[in-house]
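Summary of the model geometry
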Amino acid sequence: MYLGLDLGTSSVKAIVMSETGEVVAEASEPLPVLRPGPRMSEQNPEDWWRATCDAVAALNDYALRIRAIGLSGQMHGAVLLDRRGDVLRNAILWNDGRSEPQCMALEAAIDVAGITGNRAMPGFTAPKLNWVREHERDIFERTRTVLLPKDYLRYRMTGEYVSDLSDASGTLWLDVGARGWSDAMLAATDLSESSMPRLVEGSEVSATLHPGVAAEWGMAPVPVVGGAGDQAAGAVGAGAVARGTSFVSLGTSGVYFVPDTQYRPNPAGGVHAFCHALPGLWHQMSVILSAASALTWVARLTGAASEEALLAEVERSSVTTGPVYFLPYLSGERTPHNDADALGAFVGLHHDVDRAQLGYAVLEGVAFALADGQRVLDDAGAEIGEVSVIGGGARSLYWGRILAAALARPLAYREDAAVGPALGAARLAALGHGGGDPADVCPPAPLAAEVTVSAADIDRARARFAVYRRLYDDLKPRFAQLHDANAP
């Protein structure tokens, strides 16, 4: 059997996959997020390790049968280690927006898009290090190694500094087309390759579980494969390992993921061009920073018992459309705007608006944000093909109908959709341990449902989407002013 570990933002998920590909057990442990200041988002790496050990312990019945481990994790986070391998500060996360000035300075100093195929965005890792260099100089000077979140888990598991190419693509230190570290980009942040982990492909064995950790977990010292960033791992779990097999992920963030056999950057549209988790593959990706997290936010704000309860309430109310729109920019936005100043907004409120209407507006606003990403993927020449839906939001077919109308395409909902990245990590472990054809080891999960909508629904969504896009343009000049007005 194979163990897949997924270090998310809200939890660590662990699954056990059988040799024939079935998920036979899973466990999850929650994680806290720290917000020490405006636009800041951090976590304590020790919390990651504690949650990982607890999740693995919950699967102890299978420990002696594990033959390899795969890792998946939230991308872009900066874990800074000193020369002894000790953590110097809390990890700065993917949805942290403090480094926008450093992004602007980086793009003024070097051809970021030409080297990496991506714009400098505050979520990426390199600008975070420039922020630390400018604001926490002592910590920067003591930094000897920079790791991504899942690779910190690997370090704790194996004692080795290793990353995979898909996750490393989101640092802005990788020459994505050449699949290697860029000396020029590293120099732009006063770092060198000596500060970086060794690179491997996602299905390549990276290290071996340390005997002490193996004993604690009740396992043999099994191999640990490279693994992948959460979205590439989700693609492997969804079977999106060939051109024309795409997916939308409705997790904390929202992602539209399109595999490709070629490197096709479109930095002007805010599209991410990254290495895939398997050799010889790349992918295009549009990213919105608030997806299921926006639903969590509105449920908490309106006093709903849970996200599921709010979804049921919205569906029972038969809300369709109305004057209320929602811009889901609660943490700024990436694709297509690359705007860390962007703010969430309800527009069109009146006395008769109730919780169900607010909930509907949030579901629709997230769908429209993903449609905005689809627009620039089309501009980049993406061959989207079939689209599956994964992530926690994939549990709601009701949301799927809103999303299908906004994207103007049918959507495939598959079994095990909510455990996609952890399943992908386990599949990469199986490939690293036993080899085989990725197409055979990583098939699409069985189809659970297909969501289709009428032409009338698509036309209605298209008209509302046009209004949605104009709202961002109308409000954009005010976002930075509002931030400045509320700065401490």
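Residues numbered from 1 in each chain as written. Predicted model: local features only at pLDDT ≥ 70, side-chain atom pairs only at ≥ 80, totals over all residues. Heavy atoms only, no water.

So, about the packing of aromatic side chains. According to the stated counting rule, one finds 14 aromatic pairs in the structure shown. Seen from their ring centres, W297 and F326 are 5.9 Å apart, and the 20 degrees between their planes marks the pair as stacked. Separated by 29 residues along the polypeptide, W297 in helix α11 (residues 292–301) and F326 in strand β20 (residues 325–327) bring together distant segments of the chain. What makes F326 buried here is its relative accessible area of 1%. Ring geometry for F368 versus Y468: centroids 5.5 Å apart, planes at 55 degrees, classification tilted. With F368 in helix α13 (residues 355–379) and Y468 in helix α17 (residues 455–485), the pair connects residues that are 100 residues apart, well separated along the chain. Here the two residues F368 and Y468 agree in accessibility, since each one is buried. Members of the aromatic cluster, joined through ring pairs, are W48, Y152, Y155 and Y161. (Phe/Tyr/Trp six-rings, centres within 6.5 Å; stacked < 30°, edge-to-face > 60°. Helix = DSSP H or I, 4+ residues; strand = E, 2+ residues; numbered from the N terminus. Buried < 20%, exposed > 50% of the residue type's maximum accessible area, 1.4 Å probe, protein only.)

Pairing geometry for strand β2 (residues 11–17) and strand β3 (residues 23–30), over 7 bridges, is antiparallel. Of the residues in β3, the one forming a bridge with S11 is P30. Hairpin connection from β2 to β3: 5 residues lie between these consecutive antiparallel strands, with G21 at a positive phi of about 100 degrees. (Pairing = 2+ DSSP bridges.)

The next point concerns the packing of α11 against α13. At their nearest, the axes of α11 and α13 sit 9 Å apart, and the two run at 165 degrees to each other. Regarding the angle of α11 to α13, the classification is roughly antiparallel. Like other packed secondary-structure pairs, α11 and α13 cross with a definite hand, here right-handed. Only L358, V362, L363 and V366 of α13 make contact with α11, whose side of the interface consists of A294, L295 and V298. Taken together, the residues of the contact of α11 with α13 sort by class into 7 nonpolar, no polar and no charged. (Axes fitted to C-alpha atoms, helices over the stretch in contact; angles between N-to-C directions. Parallel < 35°, antiparallel > 145°, perpendicular 65-115°, else oblique. Left-handed = near helix turned anticlockwise from the far one by under 90°. Contact = heavy atoms within 4.5 Å. Nonpolar A, V, L, I, M, F, W, Y, C, P; charged D, E, K, R; others polar.)

Right, let's get into the pattern of salt bridges. Following the criterion strictly, the structure yields 30 salt bridges and no others. Among the ionic pairs, R243 bridges to D260, the shortest N-O distance being 3.4 Å. One end of the pair, R243, is in the loop between α10 (230–238) and β16 (245–250); the other, D260, is in strand β17 (residues 254–260), and 17 residues separate them in sequence. On the accessibility criterion, R243 (30% relative accessible area) is partly exposed. The partner of R401 in a salt bridge is E315, and the shortest N-O contact between them spans 3.3 Å. Taken together, the positions of R401 in helix α14 (residues 397–407) and E315 in helix α12 (residues 307–317) put the pair 86 residues apart, joining distant regions of the chain. Among the ionic contacts, a cluster of salt bridges with common partners joins E42, R89, D96, R98 and E136. (Salt bridge = Lys/Arg side-chain N within 4 Å of Asp/Glu carboxyl O.)

In this structure, L3, I69, W173 and W217 are the most contacted members of the largest nonpolar core, which totals 102 residues. A per-element tally of this core places helix α15 (residues 420–434) first, with 7 residues. With 60 residues, the next largest nonpolar core counts V324, I384, V389 and F465 among its residues. (Core = buried A, V, L, I, M, F, W, Y, C linked by side-chain atoms within 4.5 Å.)

Everything listed here is a matter of coordinates, which is why it stays silent on function.
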